[in-house]
Amino acid sequence: VAYEDEKLYILPEFQRAKKKMQLCKMLSWTSLKKWDFNVFELTKLGGGKNPLLFMSWAILCSPYSQYSMAKACGIEDASLDDFRGYDFIDSDLKIPIRTLCDYFRVIENDYNSDIPFHNQIHAADVLQSLHALIQMANGSLNTTKEQLFSVLLAAVIHDVNHPGRNNAFQTNARTRLALLYNDCSILEHRHLSHAFRRMLGMHTDNPDSRVRNDELNFLRNVPLKRFLTVRTRIIECVLKTDMSKHFETVNVIKELMTSRKDGEKFSEEASWVILQYVLHVADISNAAKGEPLFKLWTERCLNEFFDQGDVEADMGLPISPNCDRKTTDASDCQVGFIHFILIPSFKLLGQIIPRVEKQIVPILRKNLEYWKRLQDPTLEANSEPESVSSEESFDADGSYEAGLFQVGESPSLSDTSLERLFV
């Protein structure tokens with residue numbers, strides 16, 4: 001199952017895969033950098049299993065994972081020097097690769113595959129999208145290995161144990177989670193707590209238990225102070241994925257760009273702030289993918305929303321925006337989301353990573369055109385989508401501009417109400 005060298009550990013799931021060579025090609029560094037990477041195809045190649053495990057191993061354990069895959073596929077002349085990667089395993093974090101992979105396996109199992117959207121496939125997609133954006137930056141950010149490891153690990157765990165009901169539902173239903181986390185980033189705190197309890201071997205069902213098992217603690221070789229630093233970074237990242245913090249996060253990036261002098265390199269501190277924003281953008285990037293991916297993700301997202309709306313109706317709760325299957329229209333949702341949220345967000349990121357502006361924003365405009373044509377079939381097929389700048393969607397204090405949403409509420413939305421529209 002494993003080579004003698006611990007660093008060349010190979011996932012037994014990879015060894016057992018029937019389409020090992022195809023998996024190897026799809027998980028190659030070149031393939032993983034592509035924005036049009038199809039995570040559903042990865043899932044299919046794995047026999048419908050382990051997309052997050054494969055993705056996490058391939059990215060966070062690179063270049064050793066890349067080299068090990070090649071050797072397992074019979075490429076005897078492969079050399080470790082032939083492969084690129086983050087090289088976290090050889091960093092001063094002293095990460096034992098087998099322990100890290102065991103942790104990935106447990107975390108993937110804790111995602112609920114019965115949930116249409118917030119499952120392990122979404123987590124794998126966010127991780128790959130984040131990785132692709134980091135590679136697009138091409139070293140322009142002044143990042144450390146600790147920062148990169150923290151943000152990539154945060155992508156792995158950012159929605160673990162998601163119940164398929166968003167923060168608004170938790171608050172309105174006054175659930176145990178809402179009471180535990182006092183209505184503040186409820187699910188994000190849940191994901192973090194669960195992930196670290198798993199890591200430290202704490203009993204997830206009995207928070208008062210003193211029994212611990214260190215088998216999954218991949219940071220057991222670093223001093224406590226370093227452990228706490230990495231933990232703090234991961235917490236910061238996951239909390240930034242809360243959509244109710246979207247405008248606050250956007251304004252921080254805008255201020256950072258305004259204060260930056262022409263040609264000035266980003267500081268290590270500024271780069272860390274940007275990395276958190278990149279994770280947030282990756283988390284909401286489904287509609288920025290090409291066909292058929294953006295359609296598949298939209299269908300999954302709305303199915304989850306509708307499931308929640310059905311439960312809300314049964315409980316006598318107000319049905320959350322976009323969750324009423326009788327009145328919600330997919331094209332209306334996507335036109336608003338792309339127009340007011342995604343295009344401004346990606347254009348802002350494009351000021352930092354120019355390839356984002358050149359490669360991803362045109363996809364968003366094309367997808368926006370597609371949904372607009374569904375709204376109004378009389379529009380010409382090749383009509384140019386309306387240009388949207390960040391200033392058009394965000395005002396000075398970050399509040400939501402009066403929009404085009406027909407969701408039965410006032411079109412003027414505050415930051416805190418945004419999360420009720422989009423998870």
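Residues numbered from 1 in each chain as written. Predicted model: local features only at pLDDT ≥ 70, side-chain atom pairs only at ≥ 80, totals over all residues. Heavy atoms only, no water.

Caption draft 1: Representation of the overall build of the chain. Summing up its helical and strand segments, the chain has 20 helices and zero strands in all. Considering only contacts in the chain between residues 6 or more positions apart, those separated by 24 or more positions represent 72%. By element, 48% of the accessible surface of the chain is carried by carbon and sulfur atoms, the whole surface being about 18700 Å². (Helix = DSSP H or I, 4+ residues; strand = E, 2+ residues; numbered from the N terminus. Contact = heavy atoms within 4.5 Å. Areas by Shrake-Rupley, 256 points an atom, 1.4 Å probe, with all protein chains shown as cover.)

Caption draft 2: Region of the structure containing the environment of isoleucine 134. Examined against the element boundaries, isoleucine 134 turns out to sit in helix α8 (residues 120-137). If we ignore the near neighbours within four places in the chain, the residues touching isoleucine 134 are Tyr86, Leu148, Val151, Leu152 and Leu275.

Caption draft 3: Here's a closer look at the confidence of the model for the chain. Scored by pLDDT, the chain has a mean of 88; 87% of the residues are at 70 or more. This model gives residues 384-423 a pLDDT under 50, and the stretch forms 93 contacts once residues within four places in sequence are excluded. (pLDDT = per-residue confidence, 0-100.)

Caption draft 4: Representation of the environment of lysine 44. For lysine 44, the location among the structural elements is in helix α4 (residues 39-45). For lysine 44, a relative accessible area of 61% corresponds to the exposed category. Separated by 21 residues in the primary sequence, lysine 44 and leucine 23 place their C-alpha atoms 9.9 Å from one another. (Buried < 20%, exposed > 50% of the residue type's maximum accessible area, 1.4 Å probe, protein only.)

Caption draft 5: View of the nonpolar core. Ranked by size, the top nonpolar core spans 129 residues in total, and within it Phe14, Leu60, Tyr103, Leu152, Ile157 and Phe346 carry the most contacts. Not counting chain neighbours up to four residues away, the residues in contact with leucine 60 comprise Phe88, Ile89, Phe104, Leu127, Phe149, Leu152, Leu153 and Val156. Core analysis: the second largest hydrophobic core is formed by five residues, Leu177, Ala178, Tyr181 and Ile186 among them. (Core = buried A, V, L, I, M, F, W, Y, C linked by side-chain atoms within 4.5 Å.)

Caption draft 6: Expanded view of helix α9 (residues 145-157). For α9, built from 13 residues, the straight-helix expectation of 18 Å at 1.5 Å per residue is met to within 8% by its first-to-last C-alpha distance of 18 Å. Among the 13 residues of α9, 12 are classified as buried, and the element is accordingly described as predominantly covered. Residues of α9 that are buried: Glu146, Gln147, Leu148, Phe149, Ser150, Val151, Leu152, Leu153, Ala154, Ala155, Val156 and Ile157. Considering only its buried residues, α9 is in contact with α5 (51-60), α7 (97-110), α8, α12 (186-199), α13 (224-239) and α15 (268-283). (Expected span 1.5 Å × (residues − 1).)

Caption draft 7: Summary view of the packing of aromatic side chains. Counting across every chain of the model gives 13 aromatic pairs. Measuring from centroid to centroid gives 5.9 Å for phenylalanine 149 and phenylalanine 218, while their planes differ by 70°, and the two rings are edge-to-face. Of this pair, phenylalanine 149 sits in helix α9 while phenylalanine 218 sits in the loop between α12 and α13, and the two are 69 residues apart along the sequence. For phenylalanine 149, a relative accessible area of 0% translates into the label buried. You can call phenylalanine 218 buried: its relative accessible area is 1%. Three or more aromatic residues joined by ring pairs make a cluster, and in this case those are Trp29, Tyr86, Phe88, Tyr103, Phe149 and Phe218. (Phe/Tyr/Trp six-rings, centres within 6.5 Å; stacked < 30°, edge-to-face > 60°.)

Caption draft 8: Focus on the pattern of salt bridges. Per the stated rule, a full pass over the model turns up 15 salt bridges. Residues lysine 7 and aspartate 90 are paired through a salt bridge, measuring 2.6 Å at the closest nitrogen-oxygen approach. Of this pair, lysine 7 sits in the segment before α1 (12-16) while aspartate 90 sits in the loop between α6 (64-72) and α7; the two residues are 83 residues apart in sequence, bridging distant segments of the chain. For lysine 295, the salt bridge is made with glutamate 291, and the minimal N-O distance between the two is 2.4 Å. (Salt bridge = Lys/Arg side-chain N within 4 Å of Asp/Glu carboxyl O.)

Caption draft 9: Quick peek at unusual backbone geometry. Cis geometry marks the peptide bond from serine 62 to proline 63; its omega dihedral reads 5°. Counting through the fold element by element, proline 63 comes out in the loop between α5 and α6. Look at lysine 94: it is not a glycine, yet its phi comes out positive at around 50°. One can find lysine 94 in the loop between α6 and α7. Its identity as a non-glycine residue notwithstanding, arginine 174 has a phi of 50°, on the positive side. Here arginine 174 is to be found in the loop between α10 (167-172) and α11 (176-180). The class for arginine 174 is exposed, based on a relative accessible area of 64%.

Caption draft 10: Focus on the packing of α5 against α7. Interaxial distance between α5 and α7 falls to 8 Å at its minimum, and their mutual angle equals 150°. Between α5 and α7, the crossing angle belongs to the class labelled roughly antiparallel. For the element pair α5 and α7, the recorded crossing hand is right-handed. On the side of α5, the interface is formed by Pro51, Leu52, Leu53, Ser56, Trp57 and Leu60, while α7 contributes Cys101, Phe104, Arg105, Ile107 and Glu108. Within the contact of α5 with α7, the residues separate by chemical class into eight nonpolar, one polar and two charged. (Axes fitted to C-alpha atoms, helices over the stretch in contact; angles between N-to-C directions. Parallel < 35°, antiparallel > 145°, perpendicular 65-115°, else oblique. Left-handed = near helix turned anticlockwise from the far one by under 90°. Nonpolar A, V, L, I, M, F, W, Y, C, P; charged D, E, K, R; others polar.)

Caption draft 11: Spatial organisation of the state of the cysteines. One pass over the full model with this rule turns up zero disulfides. Cysteine 61 provides the cysteine sulfur closest to cysteine 101, a residue in no disulfide bond, and the two sulfurs are 4.0 Å apart. Look at cysteine 101 and you get buried, because its relative accessible area is 0%. With no disulfide of its own, cysteine 323 has cysteine 301 as its nearest cysteine by sulfur position, at a separation of 8.7 Å. (Disulfide = S-S within 2.5 Å.)

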